Amino acid sequence: MTVTTPATHRLTAHQRKAIVAGAIGNTVEWVDWAVYATFAPVFANQFFAKGNETTALLSTLAVFAVGFVMRPIGGAVLGAYADRHGRKKGLTLTISLMAGASLVIAVCPTYAKIGVLAPLVLLLARLVQGFSAGGEFGSSSAFLIESAARGRRAFAGSWQQVSVGAGALIASLLGTILNSTLDTDDLHGWGWRLAFAIAGLLGLVGLWLRRSVHETEAFQRIERGPRRNPLVAMVRDHPGAALRVAGITIAGTLIYYVWVTYMPTYAHLATGIPLNQALLANTLAMVVFLVLLPFGGLLSDRIGRKPTLTAFAAGFLLFAWPAFHFLGNSFWSVLVIEIIGLVLIVGYSANCAVIMAEQFPPEVRTTGIGLPYALSVALFGGTAPYVTTWMNAHHFGGLVWVDVAVAAVIGIAVYLTMPETKGKEL
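In this report, the structure presented in the accompanying data block is examined. On a predicted model such as this, the values are computed, not experimentally measured, just so you know. (Residues numbered from 1 in each chain as written. Predicted model: local features only at pLDDT ≥ 70, side-chain atom pairs only at ≥ 80, totals over all residues. Heavy atoms only, no water.)

Moving on, we get to the overall build of the protein chain. Of regular secondary structure, the protein chain possesses 17 helices and zero strands. Each of the 426 residues in the protein chain was classed as buried or not, and the buried ones make up 59%. Counted over contacts in the protein chain with a minimum sequence separation of 6, partners at least 24 positions apart contribute 87%. Counting only carbon and sulfur atoms, one obtains 68% of the accessible surface of the protein chain, whose full area is about 16,500 Å². (Helix = DSSP H or I, 4+ residues; strand = E, 2+ residues; numbered from the N terminus. Buried < 20%, exposed > 50% of the residue type's maximum accessible area, 1.4 Å probe, protein only. Contact = heavy atoms within 4.5 Å. Areas by Shrake-Rupley, 256 points an atom, 1.4 Å probe, with all protein chains shown as cover.)

Here we come to the pattern of salt bridges. Within the structure shown, the criterion is met by eight salt bridges. For the salt bridge of Arg 87 with Glu 146, the shortest nitrogen-to-oxygen distance reads 2.7 Å. With Arg 87 in helix 3 (residues 87–107) and Glu 146 in helix 5 (residues 117–146), this residue pair connects regions lying 59 residues apart in the sequence. Summarising the burial analysis for this pair, Arg 87 and Glu 146 share the class buried. (Salt bridge = Lys/Arg side-chain N within 4 Å of Asp/Glu carboxyl O.)

A word on the nonpolar core. Soluble, globular proteins show a tendency: their nonpolar side chains are buried together. Residues Trp 259, Met 356 and Tyr 415 are the most contacted members of the largest nonpolar core, which totals 105 residues. For this core, the element with the highest residue contribution is helix 10 (residues 239–271), accounting for 16 residues. Apart from the residues lying within four places of it in its own chain, the contact partners of Met 356 are Phe 137, Val 245, Ile 248, Thr 249, Tyr 348, Ile 369 and Tyr 373. Formed by nine residues, the second largest nonpolar core is a distinct cluster that contains Ala 18, Ala 21, Phe 143 and Val 213. (Core = buried A, V, L, I, M, F, W, Y, C linked by side-chain atoms within 4.5 Å.)

There is a patch of nonpolar side chains on the surface, built from Val 287, Val 288, Val 291, Leu 292, Phe 295, Leu 298 and Val 343 and spanning about 520 Å² of accessible area. Top contributing element to the nonpolar patch by residue count: helix 11 (residues 275–303), with six residues. Since its relative accessible area comes to 30%, Leu 292 is described here as partly exposed. (Patch = residues over 30% accessible without salt bridge, like charges linked within 9 Å, V, L, I, M, F, W, Y side chains within 5 Å.)

Turning our eyes to something else, we now look at the packing of helix 5 against helix 15 (residues 365–381). Relative orientation of the contacting elements helix 5 and helix 15 amounts to 140°, with a least axis distance of 8 Å. With respect to helix 15, the axis of helix 5 lies oblique. For the pair helix 5 and helix 15, the sense of crossing is right-handed. On helix 15, the residues touching Gly 134, Phe 137, Gly 138, Ser 139, Ser 141, Ala 142 and Glu 146 of helix 5 are Arg 365, Thr 366, Ile 369, Gly 370, Tyr 373 and Ala 374. (Axes fitted to C-alpha atoms, helices over the stretch in contact; angles between N-to-C directions. Parallel < 35°, antiparallel > 145°, perpendicular 65-115°, else oblique. Left-handed = near helix turned anticlockwise from the far one by under 90°.)

All right, on to the side chain of Thr 27 then. Residue placement: Thr 27 occurs in helix 1 (residues 13–47). Among the polar contacts made by the side chain of Thr 27, one reaches the main-chain carbonyl oxygen of Ser 163 at a distance of 3.5 Å. Contact partners of Thr 27, with chain neighbours within four places excluded, come to Ser 163, Ala 166, Gly 167 and Ile 170. (Polar contact = N/O pair within 3.5 Å; in protein donor to acceptor, adjacent residues only side chain to side chain.)

This model, assessed by the stated rule, comprises 13 aromatic pairs. Ring geometry for Phe 137 versus Tyr 373: centroids 3.7 Å apart, planes at 15°, classification stacked. Note that Phe 137 is positioned in helix 5 and Tyr 373 in helix 15, a separation of 236 residues in sequence. Just as Phe 137 is buried, Tyr 373 falls in that class too. When the centroid spacing of 5.1 Å and the interplanar angle of 75° are considered together, the rings of Trp 259 and Phe 316 count as edge-to-face. Here Trp 259, found in helix 10, pairs with Phe 316, found in helix 12 (residues 305–325); they are 57 residues apart in sequence, far enough to count as distant. Just as Trp 259 is buried, Phe 316 falls in that class too. Within the aromatic cluster, the residues linked to one another by ring pairs are Trp 259, Phe 312, Phe 316, Phe 319, Phe 324 and Tyr 348. (Phe/Tyr/Trp six-rings, centres within 6.5 Å; stacked < 30°, edge-to-face > 60°.)

The terminal C-alpha atoms of helix 12 lie 31 Å apart, and with 21 residues this matches the ideal 30 Å at 1.5 Å per residue to within 8%. The largest bend in helix 12 is about 45°, located at Phe 319, with the proline Pro 322 one to four residues further on. The complete set of buried residues in helix 12 reads Arg 305, Thr 308, Leu 309, Thr 310, Phe 312, Ala 313, Gly 315, Phe 316, Phe 319, Ala 320, Ala 323 and Phe 324. For helix 12, the secondary structure elements touched by its buried residues are helix 6 (153–181), helix 10, helix 11, helix 13 (331–349), helix 14 (352–357) and helix 17 (400–417). (Expected span 1.5 Å × (residues − 1). Bend = angle between axes of the 7 residues up to and from the residue.)

For the rest of this paragraph, the subject is the environment of Ala 314. Structurally, the position occupied by Ala 314 is in helix 12. Taking the C-alpha atoms as reference points, Ala 314 and Val 409, 95 residues apart in sequence, are found 7.6 Å from one another.

Moving on to the environment of Thr 60. Assignment of secondary structure puts Thr 60 in helix 2 (residues 53–85). Taking relative accessible area as the criterion, Thr 60 reaches 0% and is therefore assigned buried. Once the C-alpha coordinates of Thr 60 and Ala 37 are considered, the two residues, 23 residues apart in sequence, prove to be 9.0 Å apart. When residues no more than four places from it in sequence are discounted, the contact partners of Thr 60 are Tyr 36, Ala 40, Phe 43, Ala 44 and Phe 48.

This is the structure:
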């Protein structure tokens, strides 16, 4: 007997091409974003006055957090731009801004050469990257979901997070390779600049890819003529959906940034494990995470968004204390903690793009995803590395698990009360 796949569950060749192009372009965009956090312990003393090493790192991470302030602005401005002019134009603009800012950081003189101008240039470049990142998530999510068959929307959306994770993985690989092959003087002198330069050049490759894709049919079908500003339309017509997107994001973004972006640095500072070993553990765990994400999307397409999201949050409610309590100074200890956490995060990351896209009609979809998501990320993701470092420096590192557990409780409450959107007409 031959089993046929329903048409709503099949991706056409055109849809597959759009998803691949969108995912690759998104990957290189997030390499630029993740390189900063990966190399923060290396270049911290290059941009601030010589003094206490922890103070310099905290200052560098404060710039990291300030970059998140621009994400809601980018989500609103670039989201409205993509809703008015198309997903393709929005994606082209975001990657141009991100890559350009990385190249500026790569060539910026140090504090020793230009004084206070060095941290000012770093701050401005990071603000531009935050503005770009704020528009990126909404545009790329809308593009991928609108390019998919109805029964494969979570699968298609999972590639948004595959590409984000791949960007973090490449940044982590750069950190591992440069930490392992360069001596301390070279790494602090020019090695970190090489990482930013590579990230910026990869962004130009992503720009070329994005210019080659076609606009989505969902956007092309939007009725032409005078329309309200997408931001105004979102606030007036879809306030509940916007609040829901913000709530969905809180647990996922805080836990994701603790585990993926800062856990290697935290493990290094808290336990004394060599940074290159912590980065290697992070890299290997990210490989497992990326492999599982599309399967998480397929599971969501089969059983629904709510069960997979709830499993993620409930898992971290149980795992938060053991993870930080048993984190040791061995490679295997860090690797096990990273892998368990990232397997749980699959439940969120495989769903976040699709569940948010399914909340809005196409004329406000990018803005509706981008602004509330960016606000939550700015408040709960951008501050996570800084707060974690401060807590560790002031001997409260053992309480970081409380932040994770509280976020998980919020996630459970939101996920259990939201409507199921699997199969909803876009």
